[in-house]
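Coordinate inspection notes
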Amino acid sequence: RGVQLSVLEGVDPAGRATISIVGAGESASCGGGELLSPHLFHVGMANYAAGRTCAHYAVKHAAVGSKIILLVDGAANSASAARLQGFRDTLRYYEGDGQSQRSRQLEVIAGDPADQEIYDLAAAQHADAALVIDFTGGSAEALQNAFHGSARGLQPQLVTFDQSAASLAAPDVRPEPR
């Protein structure tokens, strides 16, 4: 209908792009971040689908019988609720009723992602976790400090929804395999 999409100035290192919509005089974003121009829409992933993606990752990277910590925001209408539901629904597909030999141990911890306490509590109580998924969108740095800090020396894999500029610019750092 006379509208053509094209990427302006390529994709930045964080995976974001500004898309020109020729014929509409507007732009859109893909991958998050702030745009300098007004935009019509944002291409992203729904929270439920993000939770499903995390479950696929968990099945692949957390051994059967291992512990997975799920951090959720205790606030009403939090995005983490839909992420958690997508995770549980998808994990149920892989594990059945949760009582089978294919099960992983899930621990859900609710708290305020702006408070370091949720991360410190999770690290103190669940030092044996194989995987920690922070559905809150809180600070990736706070999560990493709690679990990978030199004092504790814990090495679970960490998954975060932190969309801060610092987090998006950070290199992908993974702990050494155990």
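Turning to the pattern of salt bridges, a few remarks are in order. Taken as a whole and judged by the stated rule, the model has 3 salt bridges. Between Asp-128 and Lys-67 there is a salt bridge, and its shortest N-O distance comes to 2.9 Å. With a gap of 61 residues between them, Asp-128 in the loop between helix 3 (117-125) and strand 7 (131-134) and Lys-67 in strand 5 (residues 67-73) connect regions that are remote in the sequence. Residue class for Lys-67 comes out buried when judged on its relative accessible area of 10%. Arg-92 is paired through a salt bridge with Asp-89; the nearest N and O atoms lie 3.1 Å apart. Taken together, the residues span about one helical turn, with Arg-92 and Asp-89 both in helix 2 (residues 79-95) at a distance of 3 residues. Taking the relative accessible area as the measure of exposure, Arg-92 reaches 46% and is therefore partly exposed.

We now examine helix 2. In an α-helix, one turn spans 3.6 residues, which is why side chains three or four residues apart end up on the same side. The terminal C-alpha atoms of helix 2, which comprises 17 residues, lie 24 Å apart, in line with the 24 Å expected from a rise of 1.5 Å per residue. Three or more residues of helix 2 are buried, namely Ser-80, Arg-83, Leu-84, Gly-86, Phe-87, Thr-90, Leu-91 and Glu-95. Along helix 2, the residues classed as buried sweep out an arc of 160° about the axis, all on the same side. Elements that come into contact with the buried residues of helix 2 comprise helix 1 (47-61), strand 5, strand 6 (105-111) and strand 7.

A polar contact is formed between the side chain of Lys-67 and the side chain of His-126, at a distance of 3.1 Å. Among the polar contacts made by the side chain of Lys-67, one reaches the side chain of Asp-128 at a distance of 2.9 Å.

For helix 3, the full list of buried residues reads Ile-118, Tyr-119, Ala-122 and Ala-123. For helix 3, the angular spread of the buried residues around the axis is 125°, confining them to a single face. In helix 3, those exposed residues whose orientation departs by more than 90 degrees from the buried face are Glu-117, Ala-124 and Gln-125. Each element contacted by the buried residues of helix 3 is listed here: strand 5, strand 6, strand 7 and helix 4 (140-148).

Within strand 5, 6 of the 7 residues are buried, which leaves the element mostly enclosed by the surrounding structure. Where strand 5 meets strand 6, 7 bridges bridge the pair, whose relative direction is parallel. Its bridge partner being in strand 6, Leu-71 is matched across the sheet by Ile-109. Bridge count for strand 5 against strand 7 is 4 bridges, and the pairing is parallel. Across the sheet, the residue bridging to Ile-69 is Val-132, located in strand 7.

It is worth spelling out the confidence of the model for the chain at this point. For the chain, the average pLDDT comes to 74, and 61% of its residues sit at 70 or higher. Considering each helix and strand of the chain separately, the mean pLDDT is smallest for strand 4 (residues 39-43), with a value of 48, and largest for strand 5, with 93. Ignoring residues within four places in sequence, the model shows residues 35-42, a span with pLDDT below 50, making 21 contacts including any to other chains.

Rules behind the numbers
Residues numbered from 1 in each chain as written. Predicted model: local features only at pLDDT ≥ 70, side-chain atom pairs only at ≥ 80, totals over all residues. Heavy atoms only, no water. Salt bridge = Lys/Arg side-chain N within 4 Å of Asp/Glu carboxyl O. Helix = DSSP H or I, 4+ residues; strand = E, 2+ residues; numbered from the N terminus. Buried < 20%, exposed > 50% of the residue type's maximum accessible area, 1.4 Å probe, protein only. Expected span 1.5 Å × (residues − 1). Arc of directions from axis to C-beta. Contact = heavy atoms within 4.5 Å. Polar contact = N/O pair within 3.5 Å; in protein donor to acceptor, adjacent residues only side chain to side chain. Pairing = 2+ DSSP bridges. pLDDT = per-residue confidence, 0-100.

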